[in-house]
Amino acid sequence: MTDQPSTQPRKVALVTGSSRGLGRAMALQLAAAGFDVAIHYGRNAAEAEKVAETARAHGVTAQVFGADLTTPAHAGALVEQVIATFGRLDVLVNNAGITRDTLAIRMKDEDWNAVLDTNLTSAFTASRAALKHMMRARSGRIINIASVVGLMGNPGQANYVASKAGLIGLTKALAKEYGGRGITVNAVAPGFIESDMTAALPEDTRKAYLGGIPLARFGQPEEVAAVVGFLASDAAAYITAQVIGVDGGLYPH
Ligand code: NAP
């Protein structure tokens, strides 16, 4: 299914952290919608290549790019590399993210910095590079993958929560700054979604979270990807500066 007429050049989407988990599902959703896709990985090049192969089955171009986003300058360089390769960038999904959980009093500066640099500062440097290009094109979509905990807080995750709350602020600021250029900026705030990240949680923590979810289950990566696909589509042209929860009702806005 594509919302792009076949005579038009295909639009290009970059999803950071698309070698696994939610990012993988987002890249495949966008490929299925007819976007050429830039698949990005940090460490898992082979997995990223598999995602690209699956994306190509939709008849689109998919290329793999590696960049370690603990160094934020790499995120801007990644965007520039994608634009140089494809000649355009229509959709940037800032999805790559990490956790380094511990109580605030035990949190080392390096744990704080690694999470803020990867989750927030890299999203900023990637967005800055993308916006320069999107402004010239007078169109573009930036979609930041935040988290329900960026809205509600969570013990043991001061660094992660701050990074996700920061992403929500960044989303709103950029939406106001670039709306006049035809660029939309939105955040998606997933709740607890089955992935390597949540598989690492202790069983009693998983049970406690489950008790607070009205839909009484964790979500699937495809359920987050569907919202990203919608925000990237022509149908979402009048939606900007929003935070869209995909959390089974955990945190009513
Ligand atoms: P995941 O399974 O752990 O995958 C993380 C992705 O980010 C991988 O593709 C990984 O690439 C990439 N990545 C991590 N550190 C990187 C670095 N330093 N440089 C470059 N790439 C890096 O995580 P996920 O569960 O899919 O989460 C994806 C996003 O959704 C994150 O921003 C997360 O905070 C957010 N989120 C997830 C949940 C959830 O329940 N899962 C809930 C709310 C929000 P490599 O494997 O190639 O290194």
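Residues numbered from 1 in each chain as written. Predicted model: local features only at pLDDT ≥ 70, side-chain atom pairs only at ≥ 80, totals over all residues. Heavy atoms only, no water.

- If you look the chain up in an unreviewed UniProt entry, it shows as 3-oxoacyl-[acyl-carrier-protein] reductase from Deinococcus oregonensis.
- Here the chain is described in UniProt, under the heading Subunit (unreviewed entry), as follows: "Homotetramer."
- The annotation that UniProt attaches to the chain under Pathway (unreviewed entry) is "Lipid metabolism; fatty acid biosynthesis." (UniProt positions renumbered as here; feature names shortened; annotations may be inferred.)

**Thoughts on the overall build of the chain**
- Check the secondary structure of the chain and you find nine helices and seven strands.
- Computed over its C-alpha atoms, the radius of gyration of the chain comes to 17 Å, within 12% of the 18 Å expected for a compact globule of 253 residues.
- In terms of overall dimensions, the chain has a C-alpha envelope of 55 × 35 × 35 Å along the principal axes.
- Relative to its full complement of 253 residues, the chain shows a buried share of 51%. (Helix = DSSP H or I, 4+ residues; strand = E, 2+ residues; numbered from the N terminus. Rg over C-alpha atoms; globule rule 2.2 N^0.38 Å. Buried < 20%, exposed > 50% of the residue type's maximum accessible area, 1.4 Å probe, protein only.)

**Concerning the packing of aromatic side chains**
- For the structure shown, the criterion picks out three aromatic pairs.
- The interplanar angle of 20 degrees and the centroid separation of 3.9 Å between the aromatic rings of Phe192 and Tyr209 together place this pair among those described as stacked. Here the residue Phe192 occupies a position in the loop between β6 (183-190) and α7 (196-199), and Tyr209 occupies one in helix α8 (residues 203-211), the gap between them amounting to 17 residues. This pair shows no difference in class: Phe192 is buried, exactly as Tyr209 is.
- Pairwise contacts between aromatic rings join Phe192, Tyr209 and Phe218 into one cluster. (Phe/Tyr/Trp six-rings, centres within 6.5 Å; stacked < 30°, edge-to-face > 60°.)

**Details of unusual backbone geometry**
- Non-glycine residue Ala216 carries a positive phi angle of around 55 degrees.
- Relative to the helices and strands, Ala216 is located in the loop between α8 and α9 (221-232).
- On the accessibility criterion, Ala216 (54% relative accessible area) is exposed.

**Some points on the side chain of Thr171**
- Secondary-structure assignment places Thr171 in helix α6 (residues 158-178).
- Owing to a relative accessible area of 1%, Thr171 belongs among the buried residues under this scheme.
- Other than its neighbours up to four places away in sequence, Thr171 contacts Asn144, Val185, Asn186, Ala187 and Gln242. (Contact = heavy atoms within 4.5 Å.)

**Here we look at the environment of Asn159**
- Turning to its location among the elements, Asn159 is positioned in helix α6.
- Linking Asn159 and Ala104, residues 55 residues apart in sequence, is a C-alpha distance of 8.2 Å.
- When near neighbours in sequence (up to four residues on either side) are disregarded, Asn159 contacts Arg100, Met107, Asp111, Trp112, Val115 and Leu116.
- Polar contacts involving the side chain of Asn159 include one to the main-chain carbonyl oxygen of Arg100, which spans 3.0 Å.
- Of note is the side chain of Asn159, whose polar atom sits 3.2 Å from the backbone oxygen of Asp111. (Polar contact = N/O pair within 3.5 Å; in protein donor to acceptor, adjacent residues only side chain to side chain.)

**Quick look at the site of the ligand**
- Taken together, 33 residues lie around the ligand, and Arg20, Asn44, Asn95, Tyr160 and Ser195 are the ones closest in.
- Between an oxygen atom of the ligand and a side-chain N or O atom of Ser19, the distance comes to 2.8 Å.
- Take Asn95: an N or O atom from its main chain is 2.6 Å from an oxygen atom of the ligand.
- When the ligand is considered free in solution it has 890 Å² of accessible area, and contact with the protein chains removes 94% of it.
- Among the secondary structure elements, those contributing two or more residues to the shell around the ligand are α1 (21-32), β2 (36-41), α6 and α7.
- Per element, the largest residue contribution to the shell around the ligand is three residues, and it comes from α7.
- Within the shell around the ligand, the residues separate by chemical class into 13 nonpolar, 15 polar and five charged. (Near = heavy atom within 4 Å. Areas by Shrake-Rupley, 256 points an atom, 1.4 Å probe, with all protein chains shown as cover. Nonpolar A, V, L, I, M, F, W, Y, C, P; charged D, E, K, R; others polar.)

**Looking at the packing of α1 against α9**
- Following both chains from N to C, one finds α1 and α9 inclined at 45 degrees, their axes separated by 8 Å at the closest point. Relative to α9, the element α1 lies oblique. Note that α1 runs across α9; the crossing there is right-handed. Taking contact as the criterion, the partners of Gly21, Leu22, Ala25, Met26, Gln29 and Leu30 in α1 are, on α9, Pro221, Glu222, Val224, Ala225, Ala226, Val228, Gly229 and Ala232.
- Broken down by class, the residue content of the contact of α1 with α9 amounts to 10 nonpolar, three polar and one charged. (Axes fitted to C-alpha atoms, helices over the stretch in contact; angles between N-to-C directions. Parallel < 35°, antiparallel > 145°, perpendicular 65-115°, else oblique. Left-handed = near helix turned anticlockwise from the far one by under 90°.)

**Looking at the nonpolar core**
- Judged by nonpolar contacts, the single largest core of 34 residues is most densely connected at Met26, Leu30, Phe35, Val37, Val93, Ile143 and Val188.
- Of all the secondary-structure elements, those providing two or more residues to this core are β1 (12-15), α1, β2, α2 (45-56), β4 (91-94), β5 (140-145) and α9.
- Of the residues forming this core, the biggest block, seven residues, is contributed by α1.
- In this structure Leu30 touches Ala13, Val15, Phe35, Val37, Val93, Gly229 and Ala232, once residues within four positions along its chain are discounted.
- Counting 31 residues, the second-largest nonpolar core is a separate cluster that includes Ala67, Ala96, Leu170 and Ala175. (Core = buried A, V, L, I, M, F, W, Y, C linked by side-chain atoms within 4.5 Å.)

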